[in-house]
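Next come the chains, spelled out residue by residue.
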Amino acid sequence: MNAPKMEEVILEVWDREKIFERSVSGREGAKRYSFYDGPPFATGTPHYGHIVASVMKDVVPRYWTMRGFQVERKWGWDCHGLPIENIAEKALGITRKKDIEAMGVQKFNDFCRSTVLQYVDEWKKVIRRVGRWADMEHSYKTMDRDFMESVWWVFKELWDKGLIYESYRSMHICPRCETTLSQSEVAEGYKDIKDLSVVAKFEIKEQGTGNNEQGMGEEGKTYLLAWTTTPWTLPGNVALAIHRDTVYCEIKNEKLKMKNEEEYSKIKQGEVYVLAKDRLEILGDETYEVVREFKGSDLIGKSYKPLFDCYSKDEKLPNCENGWKIYAAEFVNTEEGTGIVHIAPAFGEDDMELGKKENLPFVQHVNMDGTIKSEVTAFAGRDLSPKAKGKVEEVREIDLDVKKYLDEHSLLFTSEKYPHSYPHCWRCDTPLLNYATSSWFVKVLAIKENALEYAKDIEWVPTHIKEGRFGKWLEGARDWSISRQRYWASVMPIWKCECGEMRVFGSVRELEEASGKEVPDLHKHIVDEITVPCEQCDGVMRRVPDVLDTWFDSGSMPYAEKHYPFENAEKFDAGFPAEFIAEGIDQTRAWFYYLHIIATALKRKSAFHHVIVNGIVLAEDGKKMSKKLKNYPDPMLLFDKYGADAMRLYLLGSPVVAAENLNFSEKEISELERNVFRMLWNSYSFFTLYANVDKWEPKVKSRKSKVESSILDRWIVSELQLLIKEVNKAMEAYELNRAARVFAPFIDHLSNWYIRRNRKRFWKNENDSDKNVAYQTLYDVLVTLSKLMAPFTPFLAEEMYRNLSLRHSREIGNPDVPESVHLTDFPVADESLIDEELNDEMRKARETVRKGLQRRADDGIKVRQPLQVLSIKYDVLEDLLDIIKEEVNVKNIVVNKEQESNVVLDTNITPELRLEGEAREIIRAIQEGRKKAGFNVEDRIALGYSGKEKVFELFGDMIAHEVLATEVVSSEVAEAEYTEATNIEGESFNFWLKRV
Ligand SMILES: [Zn+2]
Ligand SMILES: [Zn+2]
């Protein structure tokens, strides 16, 4: 057996005979089974994650094809978005967005287009080798005009339903990519980092002016202490927030002892500080003097001195009069910080909400690219990005500088490094900024109730994701930010006039008619040039320059892959929703979610019925697979070593197909190859070897004709039917690992029990009818098994099927037998043949044998040495007693329900038993001699011997029968073809063999 070589041959057969194409076209007119492929990027070579997904996406369609459905499998390529743009930037040596503008969007996009499919050939090679059937020749690409036109149609549908709006709000942006990101993109990129946190001192203005009765510091200055983990936002501070019900206190510094002596020395004598009483712990565990306590409401409306004066002096700043005062806010708590929150409305969601509510001035001192504006003279032009030799773990330099500034101006209370989880750009790793900007949204909240309702129709594997990861994400859904300030993507089809008029185009034709221009492509550099006359004024409408979130492409894929509704409307309707999709667990909040949201809005149902979620393949040591560390084997090398079938069955039987992580183990593949594939291959070889010798021919549809069969035949047929039932049940429930795991025990039954117990029926059987039954049974089992395994191990199944079934049917000119196992129908269990009781009894018998043999091994008694009695505690089916006797090699079995142990073996060896044991040794020696001499299994021989006369006296007939000796002499045989001088239990024994 050379699996990799066999697989290569099968691949050629499939190509040559177009088996995949025929497996689809052959089901024309049958019920459709719809499968959506989540398109991969072709910007890198396929890794184990892709192989897992590919195997899942292959086994299910193959199965349903065999179940009689037509399953089209259109391949797709994801072409747009930041992954490609970042690769292009690197290749072009671009570090900033303005470099792209400088080189020209067209040139940049052309470059993206030329790079995006660079690894397609590599992908085709791997996908073919893994045995995945997909139509890669007619693949869809998200950058095709047809695809992008359908995306516009989806957008317009949402627009017409009033589900798209623009809003100015606090978003996460990547300052390097200079674009906003969606909730799920942000959720992807949380990492543990250290930031610099500072507690800054905000001086209350009304010093000693009528504040006495309220106890404000009389002599020195009074400072509010506010804590922040983003010191760079402090120049944008316009207010402080407290909670009205929280108890605050004033503390005096005379006895105040800071943990850090250096910090302590910097604190001026006579200063008074205000912070929440519950937060006094930040001062350390030394003594301090609490001057008085009061409610937060006492602080409301008080003014303080700005830390920086760059904006507070600008009288033209709207709402300036409301700035740099204390406000109450519900979100203020005393879980961390000081209970007093620094408010910068441009850099945080809560801040912005408070700013809107209280009409605070709006100060945005940072540009979208992360540089500080010129108004902040101390830091003008500085960059927020932590660039310390590319290490994002380092705290931002600008934060250190702000700290220094505060310190020099006696505005710093304390500072420390603060470890926390912070979102980073999922593509370029830059820490994100919370940044107030304008963005376009899909009104997910308006359809959330429907989305939750339709989500009930989705069946998940594993089931817990339905209510768990997916359900919770859906519960917490927010409006979807879909606009990106980037280049290589589907674009927003909104045209706007200065008068405020807006028009959304849902097709190429509409835009062509309105503009009078041809629109050959829908990418940014083309459509940005196209203007449309305004219908409300004399003005000109221009496109809103943003592009669309790439997930908008992915979520629109069911419609766009078919260029719906411009083409294929009927086909789309027949295939929506998808019966099945599969992807990794990370897609729960991405592709699965966006498919569902768009389908909810457009079609008022979910986009898919069944979804299998896979986990992550890790290196054997449980670490991430890393190209740099080379801690995992190259998949292509493993295909060459064990074959793709072994890899497929390994992955399919593992928890990775039920959203759990897998520590990849080559050893386990090699064990699987040995214990399952070789075992099956040996059973199959056994059959073909003897069937060829006997020129045995199968009968078509044999099982229907009742034959007189042995208990073992009935049992293996029963086990086979049970296997068929189990596989179907698991596959109908999309539980791939349950389905993949039932084969190994069956193959063990077949090889280590059925065939093992039946060998003699094939080669020493004078009863032709029984021999025929044995052949037919084993033949049916192997052919049925090849069909059952076809979706899982398509190569081995094909090899077995073609050799067993197809070759024969071609020889006898039977055209009804399909040319490939993948063109046959999947087996359906015949429940009438399942005998659960027999299965149980046989399992019990095998277990009894296992224990009996274990006792022998414990006592060091060879299996060939017959023993007298095996005593068991339970009843065993009468017909199976002889089998157990032979296997454990005992003369008798007795049932003794009183005994303590389940199985008791009498290990006393009588002289007669010893002689019989020696007879067995002699038989073994002669059988091996026959093999060494090169005799055929059916050759009859003459046997001569010297020594062990006593054994021959008692067991000569048995020996002759076993070794096919037609004559036995106690002397040398003339012209012997084989001679051996050996030793049986310490006595010399010679024998001579000759064919007769
Ligand atoms: Zn980025
Ligand atoms: Zn207008």
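What comes next is a walk through the structure. (Residues numbered from 1 in each chain as written. Chains lettered and ligands numbered in written order. Predicted model: local features only at pLDDT ≥ 70, side-chain atom pairs only at ≥ 80, totals over all residues. Heavy atoms only, no water.)

## Observations regarding the coordination of the zinc ion (ligand 1)
Angles between donor atoms at a metal ideally measure 109.5 degrees for a four-coordinate tetrahedral arrangement and either 90 or 180 degrees for a six-coordinate octahedral one.
Step number 1: Coordination sphere of the zinc ion (ligand 1), protein contribution only: C174 (SG), C177 (SG), C425 (SG) and C428 (SG), at 2.2 to 2.4 Å.
Step number 2: If you look at the zinc ion (ligand 1), its four donor atoms make angles of 103 to 118 degrees with each other, and the shape they trace is tetrahedral.
Step number 3: Between consecutive donors of the zinc ion (ligand 1), the numbers of intervening residues give the motif C-x2-C-x247-C-x2-C.
Step number 4: Owing to a relative accessible area of 2%, C425 belongs among the buried residues under this scheme. (Donors = N, O, S within 2.8 Å, 3.2 Å for Na, K, Ca; no water. Tetrahedral: all angles 85-135°; square planar, octahedral: opposite > 155°, others 65-115°. Buried < 20%, exposed > 50% of the residue type's maximum accessible area, 1.4 Å probe, protein only.)

## Quick word on the side chain of D939
Step number 1: Mapped onto the elements of the fold, D939 is located in the loop between α31 (911-933) and β30 (941-946).
Step number 2: For D939, the side chain forms a polar contact with the main-chain nitrogen of N936, separated by 2.6 Å.
Step number 3: Leaving out residues up to four positions away in the same chain, D939 has contacts with R930, L964 and R995. (Helix = DSSP H or I, 4+ residues; strand = E, 2+ residues; numbered from the N terminus. Polar contact = N/O pair within 3.5 Å; in protein donor to acceptor, adjacent residues only side chain to side chain. Contact = heavy atoms within 4.5 Å.)

## Notes on the pattern of salt bridges
Step number 1: Tallied over the full model, the rule gives 73 salt bridges.
Step number 2: The partner of E510 in a salt bridge is K156, and the shortest N-O contact between them spans 3.5 Å. A residue pair is termed long-range when its members are at least 10 positions apart, and E510 in helix α15 (residues 508-515) and K156 in helix α8 (residues 145-160) qualify at 354 residues.
Step number 3: Across the salt bridge formed by K496 and E166, the nearest N and O atoms sit 3.3 Å from each other. Here the residue K496 occupies a position in strand β18 (residues 494-496), and E166 occupies one in strand β3 (residues 164-174), the gap between them amounting to 330 residues.
Step number 4: Relative accessible area serves as the criterion here: at 38%, E166 is assigned to the partly exposed category.
Step number 5: The network of salt bridges with shared partners includes K862, R864, E921, R924, E928 and E985. (Salt bridge = Lys/Arg side-chain N within 4 Å of Asp/Glu carboxyl O.)

## Some words on the sheet that holds strand β29 (residues 903-905)
Step number 1: Taken in spatial order, the three strands line up as β28-β27-β29 in an open sheet, and their pairing is mixed. With partners counted over all chains shown, the strands left at the sheet margins are β28 (890-895) and β29, one partner each. With direction set aside, neighbouring strand axes in the sheet form an average angle of 20 degrees. (Pairing = 2+ DSSP bridges. Axes fitted to C-alpha atoms, helices over the stretch in contact; angles between N-to-C directions.)

## Description of the packing of aromatic side chains
Step number 1: Taken as a whole and assessed by the stated rule, the structure comprises 66 aromatic pairs.
Step number 2: The rings of Y33, F35, Y63, W64, F69, F580, Y734 and F826 are connected pair by pair, giving a single aromatic cluster.
Step number 3: Positioned over the ring face of F795 is R129, at 5.9 Å from the centre of the ring.
Step number 4: The ring of Y223 has K201 sitting right over it, with the charged end atom 4.7 Å from the ring centre. (Phe/Tyr/Trp six-rings, centres within 6.5 Å; stacked < 30°, edge-to-face > 60°. Lys NZ or Arg CZ within 6 Å of the ring centre and 35° of its normal.)

## Overview of helix α28 (residues 794-811)
Step number 1: Here α28 contains 18 residues, and its C-alpha end-to-end distance of 24 Å stays within 8% of the 26 Å for a straight helix at 1.5 Å per residue.
Step number 2: The axis of α28 is deflected most strongly, by about 40 degrees, at R802.
Step number 3: With 13 of 18 residues buried, α28 is to be regarded as a mostly interior element.
Step number 4: Taken from the residues just after α28, G813 is the one with a positive phi, measuring 70 degrees. (Expected span 1.5 Å × (residues − 1). Bend = angle between axes of the 7 residues up to and from the residue.)

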